[in-house]
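# Observations on the model geometry
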Amino acid sequence: MRLNETVSAERPHISFFGMRNAGKSSVVNAVTGQELSVVSDIKGTTTDPVKKAMEILPLGPVVLIDTPGLDDEGKLGELRVKKAKQVLAKTDIAILVIDSIKGINKPDKELIALFQEKKLPYIIVYNKADLLTERKVLKENELYISAVTKENIKELKEKISSFAGGVRNEKPIVADLLKQGDLVLLVLPVDEAAPKGRLILPQQQTMRDILDAHCSFIACQDTELKQTLAMLAKKPKLVITDSQVFEKVAEDIPDDMFLTSFSILFARYKGNLEELVKGAIMLSQLKSGDKILISEGCTHHRQCNDIGTVKMPAWIQKFSGVNPEYDFTSGGEFPENLSEYKLIVHCGGCMLNEKEMRHRIEQAVVAGVPMVNYGVAIAQMNGILKRSLEVFHILKI
């Protein structure tokens, strides 16, 4: 990822739904001005959600998702429809494409009811309008279009743009905890899991947020932390560390310095920090044989000392003194049925958009399963969770 790009997780996710041969893929191609999706007269050409991050004027940076038809048939078709509906978890704005000649049918109505239930902004577009002999009066969130003649495609993009303004995540990562001129110390360990030649996404985004607050930061590895502190003429307002070295950093900095982690900052930025802090209690209540789900939002190559599959289970076992069982998921995979788990341990979610991260937390709440993220869990297991939350001035544990 180039530093001047808007990452996918920070872009509004716009998903296109509809029946087979309603013209979803043709509409996506018309909106983008590219052959993003394969178009065919054969029903069911789109078999899996097609996702593309791109820039569209006047929208700016967005993620477009083309989904399989809602009327797909057979066992494989059912799985495709299920995949299409799973996209709702990450969708910020839904576009329902209707065949103008055939009109709205039962699956379309069921999807509209889902949009309304989830309070999801949506637009209904009647495609193939060039084939109509007469047209009805439409509601404000409806539009006649033609992917063939490009009728009202510009108007559709403008309508999407007006919706998109209300779904962008404008919350600060750390800026609201700082005053202009403050200094922040970032602790960035470089080990075998660190990407060579670049910083990971949460570090980049936090740095930019600090700069936007007209503050300064200085960065070092945990091995140079004491030396760096000794060189500073100004006391840092806040120390932010990678969670993996939380314990060491806590020992190396004075007690009167605020300390937190990138993962905890992102728990607040993208999810529900209060709910994830509640989940930390379960770490000391586990029993041998309890099932724990460890879930990551990205699909990085697993290292020999991977934090999710190696380090986290070892830390949990050491802290709890018991032997739980583990399931692991990554990327877009997240179980619909969570009832078998005693605890969910999730990554910071930097590669998920806010909508999907919040959806996962809500799933856990509804299922009655405690959920915690990496940073909160590591702080709890090292006895420093209370300290890592002091900077927020809002949480009591």
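Refer to the structure printed above.
The rules behind these values
- Residues numbered from 1 in each chain as written.
- Predicted model: local features only at pLDDT ≥ 70, side-chain atom pairs only at ≥ 80, totals over all residues.
- Heavy atoms only, no water.
- Helix = DSSP H or I, 4+ residues; strand = E, 2+ residues; numbered from the N terminus.
- Buried < 20%, exposed > 50% of the residue type's maximum accessible area, 1.4 Å probe, protein only.
- Contact = heavy atoms within 4.5 Å.
- Areas by Shrake-Rupley, 256 points an atom, 1.4 Å probe, with all protein chains shown as cover.
- Expected span 1.5 Å × (residues − 1).
- Pairing = 2+ DSSP bridges.
- Axes fitted to C-alpha atoms, helices over the stretch in contact; angles between N-to-C directions.
- Salt bridge = Lys/Arg side-chain N within 4 Å of Asp/Glu carboxyl O.
- Phe/Tyr/Trp six-rings, centres within 6.5 Å; stacked < 30°, edge-to-face > 60°.
- Lys NZ or Arg CZ within 6 Å of the ring centre and 35° of its normal.
- Polar contact = N/O pair within 3.5 Å; in protein donor to acceptor, adjacent residues only side chain to side chain.
- Parallel < 35°, antiparallel > 145°, perpendicular 65-115°, else oblique.

### Thoughts on the overall build of the protein chain
Secondary structure summary: the protein chain contains 13 helices and 14 strands in total. Looking at the protein chain as a whole, 53% of its 397 residues are labelled buried. In the protein chain, the proportion of contacts linking residues at least 24 apart, taken out of those at least 6 apart, comes to 71%. About 19200 Å² of surface is accessible on the protein chain, with carbon and sulfur atoms providing 51% of the total.

### Brief notes about helix α5 (residues 201–212)
Taking 1.5 Å as the rise per residue, α5 with twelve residues should run 16 Å; its terminal C-alpha atoms sit 17 Å apart, in good agreement. The element α5 is extensively covered by neighbouring structure, given that nine of its twelve residues are classed as buried. When α5 is considered as a whole, its buried residues turn out to be Leu 201, Pro 202, Gln 203, Gln 204, Gln 205, Thr 206, Met 207, Asp 209 and Ile 210.

### Observations regarding the pairing of strand β3 (residues 60–66)
For β3, the buried fraction is high: seven of the seven residues fall into the buried class. By the bridge criterion, four bridges tie strand β1 (residues 13–18) to β3 in an arrangement that is parallel. Counterpart to Ile 14 in the pairing with β3 is Leu 64. Counted along the chain from strand β2 (residues 50–56) to the antiparallel partner β3, the turn is three residues long.

### As for the sheet that holds strand β5 (residues 122–127)
The pairing of strands in a sheet comes from backbone hydrogen bonds and takes either a parallel or an antiparallel form. The six strands are arranged β2-β3-β1-β4-β5-β6 in an open sheet whose pairing can be described as mixed. Lying at the two open borders of the sheet, with one neighbouring strand each, are β2 and β6 (142–144). Averaged over all neighbouring strand pairs, the angle between strand axes comes to 25 degrees, with direction disregarded. Across the sheet, helix α3 (residues 106–117) touches β1, β4 (93–99) and β5, and the angle it forms with β4 is around 165 degrees.

### A closer look at the environment of Ile 153
Position of Ile 153 relative to the elements: it lies in helix α4 (residues 153–164). Taking the C-alpha atoms as reference points, Ile 153 and Thr 32, 121 residues apart in sequence, are found 9.8 Å from one another. Ignoring anything within four residues of it in the chain, the contact list for Ile 153 reads Ala 30, Val 31, Ile 145 and Ser 146.

### Here's the deal with the pattern of salt bridges
Where charged atoms of side chains with opposite charge meet at close range, the side chains can pair. Tallied over the entire structure, the rule returns 17 salt bridges. The closest approach of N and O atoms between Lys 90 and Glu 356, which form a salt bridge, is 3.9 Å. Taken together, the residues Lys 90 in the loop between α2 (74–86) and β4 and Glu 356 in helix α11 (residues 354–367) connect sequence positions 266 residues apart. Glu 356 shares its class with Lys 90; the two are buried. One connected set of salt bridges, linked through shared partners, spans Lys 90, Glu 356 and Arg 360.

### A closer look at the packing of aromatic side chains
Scanning all chains against the criterion turns up five aromatic pairs. When the ring of Phe 17 is compared with that of Phe 115, the centres are 5.8 Å apart and the planes differ by 55 degrees; the resulting orientation is tilted. Taken as a pair, Phe 17 in strand β1 and Phe 115 in helix α3 lie far apart in primary sequence, 98 residues in all. For the pair shown, Phe 17 and Phe 115 are each scored as buried. Above the ring of Tyr 144, the side-chain terminus of Arg 135 is found at 5.2 Å from the ring centroid.

### Description of the sheet that holds strand β13 (residues 343–346)
Here four strands make up an open sheet; going across it, the order is β12-β11-β13-β14 and the pairing parallel. The strands lining the two open edges of the sheet, one partner per strand, are β12 (325–330) and β14 (371–373). Each neighbouring strand pair of the sheet contributes to a mean axis angle of 20 degrees, computed without reference to strand direction. Pairing analysis gives six bridges linking strand β11 (residues 291–296) to β12, with the strands arranged parallel. Bridging across to β12, Ile 292 finds its partner in Tyr 326. Each of β11, β13 and β14 is contacted by helix α12 (residues 374–381), which is oriented at about 90 degrees to β14, the strand it contacts most.

### A few points about the environment of Ser 261
Looking at the element boundaries, Ser 261 is found in strand β10 (residues 258–261). Ser 261 sits in the buried class, given a relative accessible area of 0%. Sequence-wise, Ser 261 and Tyr 374 are 113 residues apart; in three dimensions their C-alpha atoms are separated by 9.8 Å. When neighbours within four sequence positions are excluded, Ser 261 is seen to be in contact with Ile 240, Thr 241, Ser 243, Phe 246 and Gly 375. Of note is the side chain of Ser 261, whose polar atom sits 3.3 Å from the side chain of Ser 243.

### Section: the packing of α5 against helix α8 (residues 262–270)
Here α5 crosses α8 at 75 degrees, and the two axes come no closer than 10 Å. In terms of orientation, α5 and α8 fall into the roughly perpendicular class. Residues Pro 202, Gln 203, Gln 205 and Thr 206 of α5 form the contact with α8, whose own contacting residues are Phe 262, Leu 265 and Phe 266.

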